[in-house]
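Secondary and tertiary structure notes
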Amino acid sequence: MLQVSVYRFNPETDASPHMQEYRVDTAGKDLMVLDVLEMIKADHDATVTYRRSCREGVCGSDGLNINGRNGLACITPLSETVKKNKLVIRPLPGLPVVRDLVVDMSLFYAQYEKIEPYLQNSTPAPAIERLQTPEDRAKLDGLYECILCACCSTSCPSFWWNPDRFIGPAGLLQAYRFLADSRDQATEERLSKLDDPFSVFRCHGIQNCVNVCPKGLNPTRAIGHIRSMLLSRAA
Amino acid sequence: MVTQVTSFSRNGLSDWLIQRVSSLILLAYFLFIGFQIASGIDYTSWRALHDTTAMKVFTLLAIGAYVSHAWIGLWTVFTDYLTEYMLGKMGNVVRPVVQIGVVLLLAVYAIWVIQVIWG
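Conventions used here
Residues numbered from 1 in each chain as written. Chains lettered and ligands numbered in written order. Predicted model: local features only at pLDDT ≥ 70, side-chain atom pairs only at ≥ 80, totals over all residues. Helix = DSSP H or I, 4+ residues; strand = E, 2+ residues; numbered from the N terminus. Rg over C-alpha atoms; globule rule 2.2 N^0.38 Å. Buried ≥ 20, exposed ≤ 12 C-beta atoms within 10 Å, placed from the backbone. Pairing = 2+ DSSP bridges. Contact = placed C-beta atoms within 7 Å. Nonpolar A, V, L, I, M, F, W, Y, C, P; charged D, E, K, R; others polar. Axes fitted to C-alpha atoms, helices over the stretch in contact; angles between N-to-C directions. Core = buried A, V, L, I, M, F, W, Y, C linked by C-beta atoms within 7 Å. Parallel < 35°, antiparallel > 145°, perpendicular 65-115°, else oblique. Expected span 1.5 Å × (residues − 1). Arc of directions from axis to C-beta.

**Examining the overall build of chain B**
- From N to C terminus, chain B includes 5 helices and 0 strands.
- The linear arrangement of helices and strands in chain B, starting from the amino end, is α-α-α-α-α.
- In terms of overall dimensions, chain B is more spread out than a globule: its C-alpha atoms have a radius of gyration of 18 Å, far above the 14 Å expected for 119 residues.
- Dimensions of chain B along its principal axes, counting C-alpha atoms only, are 55 × 25 × 20 Å.
- A total of 119 residues make up chain B; the buried ones form 13% of that total.

This is the structure we're talking about:
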């Protein structure tokens, strides 16, 4: 029997959060963490609340703090995270809890909105699509794959302390995705909005974001590229 | 809300660059001083060394690097931890008070060094 400890908080009835213990029979199978949550909800306690959708690591809904490490519950196998038969599941750190494992992502999305995550090109749109060379297209690899699960930003202390000023690794990865895009014409405007002491430069390169990204992306490298672009522009 | 009004240069790129350049100056200074001490310099030679204009300029450069490096680093720490978000409303009182204290302390250090080497 797997011992599972789940963070519980219902703002309508609870004065403060608490951890609730469950014993789940996994029948010795190497289930995903999401499967365990589904078993708790079906067999133990239907009030346990969490987000989920695609259950295959594409939608980014079930980003959780699993045994102290952020990750997607649907693609985290028990064998990868369970130590001493114990599984501790908490909401993503640093964001306000709506209920149980569901967090309010407004601050995260507000930072994403700031970087204007869309192609900006004032030339007349061609009949079919704006073309780019395979080499230019290759520059977007490792950037466009982000699913905005927020595992990276909510593992970043700089984002915890200044979520209203620091863009965070997810937002900055996307900022560089458009700075690196040969079809985008707003490079100067984008960079001029990033050279304050908070937006980019609160990153101290501790690489928690790289460590937890479920898609294997590297926001720290993207932030380094943005710094280099800011430096080249100023020099 | 934390603002950038009290940051060293009000610009992230500039602060970032100054912190890196100042760290190189400090590294060079401490390596040089460390080498002098390790080679068993006596008081007379130490005085003679610090009486040269080159050494005075080097020391002045090092204290400038020290003050800017310390302020940029501590400003980041203060605007991370001494905030309304972390301390409630007191954050916006504690942070400016601590910042003023540190600025005064760094100014005293700088003036003291200038007085020691040029006085």
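Once the structure has been displayed, the description carries forward.
**Thoughts on the overall build of chain A**
- Summing up its helical and strand segments, chain A has 9 helices and 7 strands in all.
- Each principal axis of the C-alpha atoms in chain A carries an extent, and together these give about 60 × 35 × 30 Å.

**Considerations on the pairing of strand β5 (residues 86-90) of chain A**
Residue and element names in this part refer to chain A.
- The side-chain alternation of β5 yields one buried face, formed by Leu 87 and Ile 89, and one unburied face, formed by Lys 86, Val 88 and Arg 90.
- Inspection of the sheet shows strand β3 (residues 63-66) paired to β5 by 2 bridges, in the antiparallel sense. Looking at β5, one finds that Asn 65 is bridged to Arg 90.

**Digging into the environment of Ala70(B)**
- Inspection of the secondary structure assignment puts Ala70(B) in helix α3 (residues 53-81).
- Linking Ala70(B) and Gly88(B), residues 18 residues apart in sequence, is a C-alpha distance of 26 Å.

**As for unusual backbone geometry**
Residues and elements named next belong to chain A.
- One non-glycine residue, Lys 84, adopts positive backbone phi at about 55°.
- Using a count of 5 C-beta atoms within 10 Å as the deciding quantity, one classes Lys 84 as exposed.
- Although it is not a glycine, Ala 150 sits at a positive phi angle of roughly 75°.
- Position of Ala 150 among the secondary structure elements: in the loop between α4 (134-138) and α5 (157-161).

**Focus: the interface of chain B and chain A**
- Taken together, the contact pairs 13 residues of chain B with 13 residues of chain A.
- Mapped by element, the contributors of at least two residues to the side of chain B that touches chain A are α1 (12-38) and α3 of chain B.
- Sort the elements by how many residues they give to the side of chain B that touches chain A and α1(B) lands first, with 4 residues.
- Broken down by class, the residue content of the side of chain B that touches chain A amounts to 6 nonpolar, 5 polar and 2 charged.

**A short note on the sheet that holds β5(A)**
All names here are of chain A.
- Read from one edge to the other, the open sheet built from 5 strands follows the order β2-β1-β5-β3-β4, with strand pairing classed as mixed. At either end of the open sheet lies a strand with only one pairing partner, and these are β2 (18-24) and β4 (69-72). In this sheet, adjacent strand axes meet at a mean angle of 30° when their direction is disregarded.
- Lying over the sheet, helix α1 (residues 33-44) contacts β1 (2-8), β2, β3 and β5, oriented at roughly 90° with respect to β2.

**Side note on the nonpolar core**
All names here are of chain A.
- Membership of the largest hydrophobic core comes to 61 residues, with the highest contact counts inside it found for Val 33, Ala 73, Leu 172, Ala 175, Tyr 176 and Ile 226.
- The greatest single-element share of this core, amounting to 7 residues, is contributed by helix α6 (residues 168-179).
- In contact with Tyr 176, other than residues within four places in its own chain, are Leu 143, Ala 222, His 225 and Ile 226.

**As for the packing of α3(B) against helix α5 (residues 91-118) of chain B**
All names here are of chain B.
- Axis separation between α3 and α5 bottoms out at 10 Å; the angle between their running directions is 175°. Compared by their axis directions, α3 and α5 come out roughly antiparallel. Residues Lys 56, Thr 59, Ile 63, Val 67, Ala 70, Trp 71, Leu 74 and Phe 78 of α3 form the contact with α5, whose participating residues are Arg 95, Val 98, Gln 99, Val 102, Leu 106, Tyr 109, Ala 110, Val 113, Ile 117 and Trp 118.

**Side note on the pairing of β3(A)**
- Residues of β3(A) alternate between two faces, with Gly63(A) and Asn65(A) on one and Leu64(A) and Ile66(A) on the opposite face, all of them buried.
- Hairpin connection between β3(A) and β4(A): a loop of 2 residues separates the two successive antiparallel strands, and Asn67(A) in this loop has a positive phi of roughly 45°.

**Quick notes on the environment of Tyr85(B)**
- Structurally, the position occupied by Tyr85(B) is in helix α4 (residues 84-87).
- Separated by 27 residues in sequence, Tyr85(B) and Trp112(B) place their C-alpha atoms 37 Å apart.
- Ignoring anything within four residues of it in the chain, the contact list for Tyr85(B) reads Trp161(A) and Gly91(B).

**Looking at helix α9 (residues 219-234) of chain A**
- Here α9(A) contains 16 residues, and its C-alpha end-to-end distance of 23 Å stays within 8% of the 22 Å for a straight helix at 1.5 Å per residue.
- Among the residues of α9(A), Pro219(A), Thr220(A), Ala222(A), Ile223(A), Ile226(A), Arg227(A) and Leu230(A) are the ones counted as buried. Along the axis of α9(A), the buried positions cluster into a sector of 160°, meaning they face one direction only. Opposite its buried face, α9(A) presents the exposed residues Ser228(A) and Ser232(A), each directed more than 90 degrees away.
- Those residues of α9(A) that are buried are in contact with α6, α7 (187-192) and α8 (208-212) of chain A together with α1 of chain B.

**Some details on the environment of Ile111(B)**
Residues and elements named next belong to chain B.
- Looking at the element boundaries, Ile 111 is found in helix α5.
- According to the C-beta neighbour criterion, Ile 111 is exposed, with 11 such atoms within 10 Å.
- Through-space distance from the C-alpha of Ile 111 to that of Asp 42 is 26 Å; in sequence the pair is 69 residues apart.

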